[in-house]
Amino acid sequence: MNIIRLRSMLASFYEEDIGERDVTSEAIFPLTERGTGIFLAKADGIFAGEEIIRTAYTLFSNDISVTLLKKDGDFVRAYEQIAIVEGPMRHLLTAERVILNLIQRMSGIATMTHRAVQALGKSKTKICDTRKTTPGLRMLEKYAVKCGGGVNHRFGLYDGVMIKDNHIEFAGSIMKAVELVKQSVGHMVKIEVEIETEQELEEAIRAGADIIMFDNCSPEQATAFQAKIPAPITTELSGGISLETLSNYQYAGVDYISMGALTHSVQALDISFNVRGGKKDEQRA
């Protein structure tokens, strides 16, 4: 994760949330008032976001200690402590919501990714993400996928070629689209082609695609397509696959299954922030 970019992102998020000032915390707590807060899991899952907790507080004060009890990728059970922070109470509470919003979403993504990986059992196929991420949060969401045991697809339009149906339609054919791309990007950029039929598959192979994506295929169709692929070509399966249907594809033989749902339809992992000595802390004790 790029820490410089993360600091810039967090500064922007806090500017949106705080504006001129935190009127509530400033009215109640003088800067000399210190306290301790605990980040607590409220459900089982995979934690992601330790750098969020560590970095966010540095934007407020150098006088805040952060003790991380869980690392990215660790399994957490309901009511396990994730981190303990100590410092000026005003800063602890002002920083709370942005941190929670981010680590809850990231941990939800990591948890769903972990479940997807588990659903494939001992298959060689890897789970990967897509570009269907929340604008502005792609770095964090793709990092969370890795915390859950998945791998990243391209980060943006700039780091990989993906020729889809609309590109093919405009170019006139898969062969022509690949030819045009190769003339433009050179040999250092891999070219992926999306196909749906056996005819398109054969054309993508002849065109020299580096990666071929089987789009919206049944397990049987994916297995049949995979059998026709020359060894140097990487294969990917995508479209209409859910956690419930993933296991049907574990023996299809593809290298990757990409799932937009990992980032666009995820449920956040429930995590709370409790002040030590407060009512919630006493109830949990």
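So, how was this worked out
Residues numbered from 1 in each chain as written. Predicted model: local features only at pLDDT ≥ 70, side-chain atom pairs only at ≥ 80, totals over all residues. Heavy atoms only, no water. 1 Å grid on protein atoms, 1.4 Å probe; cavity = no way out; pocket = protein on both sides within 12 Å on 5 of 7 lines; lining within 4 Å. Points joined across faces, edges and corners; volume = space filled by probe spheres on them. Helix = DSSP H or I, 4+ residues; strand = E, 2+ residues; numbered from the N terminus. Nonpolar A, V, L, I, M, F, W, Y, C, P; charged D, E, K, R; others polar. Axes fitted to C-alpha atoms, helices over the stretch in contact; angles between N-to-C directions. Parallel < 35°, antiparallel > 145°, perpendicular 65-115°, else oblique. Left-handed = near helix turned anticlockwise from the far one by under 90°. Contact = heavy atoms within 4.5 Å. Buried < 20%, exposed > 50% of the residue type's maximum accessible area, 1.4 Å probe, protein only. Pairing = 2+ DSSP bridges. Right-handed = clockwise from strand over helix to strand, strands pointing away. Phe/Tyr/Trp six-rings, centres within 6.5 Å; stacked < 30°, edge-to-face > 60°. Lys NZ or Arg CZ within 6 Å of the ring centre and 35° of its normal. Salt bridge = Lys/Arg side-chain N within 4 Å of Asp/Glu carboxyl O.

Caption draft 1: Spotlight on the layout of surface pockets. Size it by volume and the largest pocket reaches roughly 390 Å³. Around the largest pocket, the lining comprises 20 residues; the ones closest to its centre are Thr-130, Lys-132, Ser-238, Ser-258 and Gly-260. Looking at the lining of the largest pocket, the elements that each hand over two or more residues are strand S9 (211–215), strand S10 (234–238) and helix H10 (261–264). By volume, the second largest pocket amounts to about 320 Å³. For the second largest pocket, the lining is made up of 16 residues, of which His-153, Arg-154, Lys-190, Glu-192 and Ile-211 are closest to its centre. If you list the elements that add at least two residues to the lining of the second largest pocket, you get strand S8 (191–195) and S10. Residue classes in the lining of the second largest pocket are distributed as seven nonpolar, four polar and five charged.

Caption draft 2: A look at the environment of Tyr-251. With respect to the element layout, Tyr-251 can be found in the loop between S10 and strand S11 (256–258). Spatially, the C-alpha atom of Tyr-251 lies 19 Å from that of Val-151, the residues being 100 residues apart in sequence.

Caption draft 3: Region of interest: the packing of helix H7 (residues 174–185) against helix H8 (residues 198–207). Running from N to C, H7 and H8 cross one another at 30 degrees; their axes reach a closest spacing of 9 Å. One element, H7, and the other, H8, form an angle in the roughly parallel class. In this structure, H7 meets H8 at a crossing whose hand is right-handed. Facing Ile-174, Met-175, Val-178 and Lys-182 of H7, the residues of H8 in contact are Glu-200, Glu-203, Ala-204, Arg-206 and Ala-207. Residues that form the contact of H7 with H8 fall into these classes: five nonpolar, no polar and four charged.

Caption draft 4: Looking closely at the pairing of S8. Most of S8 is tucked away: five of the five residues are buried. Two strands pair when backbone bridges link them, and strand S7 (residues 161–163) and S8 are joined in this way by three bridges, in the parallel orientation. By the bridge assignment for S8, Ile-163 is matched with Val-193. Pairing geometry for S8 and S9, over four bridges, is parallel. Bridge pairing in S9 links Glu-194 to Met-213. For the handedness criterion, the β-α-β arrangement of S8, H8 and S9 is classed as right-handed.

Caption draft 5: Representation of the packing of aromatic side chains within the structure. Tallying each qualifying case throughout the model produces three aromatic pairs. Their ring planes at 70 degrees and their centres at 5.4 Å tell us that Phe-214 and Phe-225 sit as a pair that is edge-to-face. Here Phe-225 lies in helix H9 (residues 219–226) and Phe-214 lies in strand S9, a separation of 11 residues in the sequence. Phe-225 shares its class with Phe-214; the two are buried. One residue, Lys-142, lies across the ring of Phe-155, its end atom 5.2 Å from the ring centre.

Caption draft 6: Seen up close, the packing of helix H4 (residues 89–119) against helix H5 (residues 138–147). Remark: H4 packs on H5, axes separated minimally by 7 Å, with the N-to-C direction vectors making an angle of 40 degrees. For the element pair H4 / H5, the angle class is oblique. As H4 packs across H5, the resulting crossing turns out to be right-handed. Residues Leu-102, Arg-105, Met-106, Ile-109, Ala-110 and Thr-113 of H4 lie in contact with H5, whose contacting residues are Leu-140, Glu-141, Tyr-143, Ala-144, Val-145 and Cys-147. For the contact of H4 with H5, the per-class residue count stands at nine nonpolar, one polar and two charged.

Caption draft 7: Region of interest: unusual backbone geometry. Here Tyr-79, not a glycine, exhibits a phi torsion of approximately 75 degrees, which is positive. In this fold, Tyr-79 is placed in the loop between strand S4 (75–76) and strand S5 (81–88). Unlike most non-glycine residues, Asn-216 shows phi in positive territory, near 55 degrees. If you trace the backbone, Asn-216 turns up in the loop between S9 and H9.

Caption draft 8: Up close: the sheet that holds S5. Overall, antiparallel pairing links the four strands, which are arranged S3-S5-S1-S12 in an open sheet. Here the strands that pair on one side only, and so sit at the sheet edges, are strand S3 (65–68) and strand S12 (271–275). Sheet twist, expressed as the average angle between the axes of neighbouring strands with direction ignored, equals 15 degrees. Examined bridge by bridge, S3 and S5 share four bridges and lie antiparallel to one another.

Caption draft 9: Focus on the pattern of salt bridges. If you walk through the whole model with that rule in mind, you get 13 salt bridges. Across the pair Asp-255 and Lys-124 runs a salt bridge whose closest N-O atoms are separated by 3.4 Å. Here Asp-255, found in the loop between S10 and S11, pairs with Lys-124, found in the loop between H4 and strand S6 (126–128); they are 131 residues apart in sequence, far enough to count as distant. Taking relative accessible area as the criterion, Asp-255 reaches 22% and is therefore assigned partly exposed.

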